[in-house]
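Reading the structure
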Amino acid sequence: MNSNDLVDRIASGQGLTKTDAKKLVDAVFSTIVDAAVAGEKIALNGFGKFKVKHSAARKGHNPATLQEIEIPASNRLTFTSAKAVKDRLNA
């Protein structure tokens, strides 16, 4: 599923126009990203939690040349699914 498929399903399932559904989907994702940038944890009951994890700078290597490279520190958004979601996936 891609974002257009998600918009289509929300539009048809909720009786919205595709334009309104796209605005809704964009607003949800934008709000999650804004909260993550602000350092907040995002917990959606029954769905899961989003949070930012920091990866420290480290050394790596280029697999093609085996030359050592420096991998810079970075932040990433992680997701942990709620028990209800895990149970549905494994039913």
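Our subject in this report is the structure included herewith.

Reading guide: rules and limits
Residue positions are counted from 1 within each chain, in the order its sequence is given. Local features in this predicted model are restricted to residues of pLDDT 70 or higher, and side-chain atom pairs are both shown and tallied only at a pLDDT of 80 or more, whereas totals for entire chains, interfaces and linings draw on every residue. Side-chain measures here rest on the full set of heavy atoms in the structure, leaving out hydrogens and waters. In plain words, nonpolar cores are sets of buried Ala, Val, Leu, Ile, Met, Phe, Trp, Tyr and Cys residues tied together by side-chain atoms within 4.5 Å. Throughout this description, buried means an accessible area under 20% of the type-specific maximum (1.4 Å probe, protein chains only), exposed means over 50%, and partly exposed covers the range between. By definition in these notes, contact holds between two residues if any of their heavy atoms fall within 4.5 Å. Here, a strand pair is defined by DSSP locating no fewer than two bridges between the strands. Where helices and strands are cited, they refer to DSSP runs of H or I of at least four residues and of E of at least two residues respectively, numbered from the N terminus. In protein, a polar contact requires one atom able to donate a hydrogen and another able to accept it; more generally it is a pair of N or O atoms within 3.5 Å, and residues adjacent in sequence count only if both atoms are side-chain atoms.

Brief notes about the nonpolar core
Within soluble globular proteins, side chains that are nonpolar tend to cluster in buried spots. Ile32, Ala35, Ala36, Ile42 and Phe50 together form the largest nonpolar core, which totals 5 residues. The residues contacting Phe50, other than those within four sequence positions of it, are Ile32, Lys41, Ile42, Leu44, Leu77, Thr78 and Phe79.

Topic: the pairing of strand 2 (residues 48–55)
Pairing geometry for strand 1 (residues 42–44) and strand 2, over 3 bridges, is antiparallel. By the bridge assignment, Ala43 is partnered in strand 2 with Lys49. In this structure, the hairpin formed by strand 1 and strand 2 is closed by a connection of 3 residues, where Gly46 is found at a positive phi of approximately 80°.

Some details on the environment of Glu70
Inspection of the secondary structure assignment puts Glu70 in strand 4 (residues 68–71). When the C-alpha positions of Glu70 and Arg58 are compared, they lie 6.0 Å apart, and in sequence the two are 12 residues distant. Beyond its immediate stretch of four places on either side in the chain, Glu70 contacts Ala57, Arg58 and Lys59. Of the polar contacts made by the side chain of Glu70, one reaches the side chain of Lys59; its length is 3.4 Å.

Purely geometric numbers; function is a separate question.
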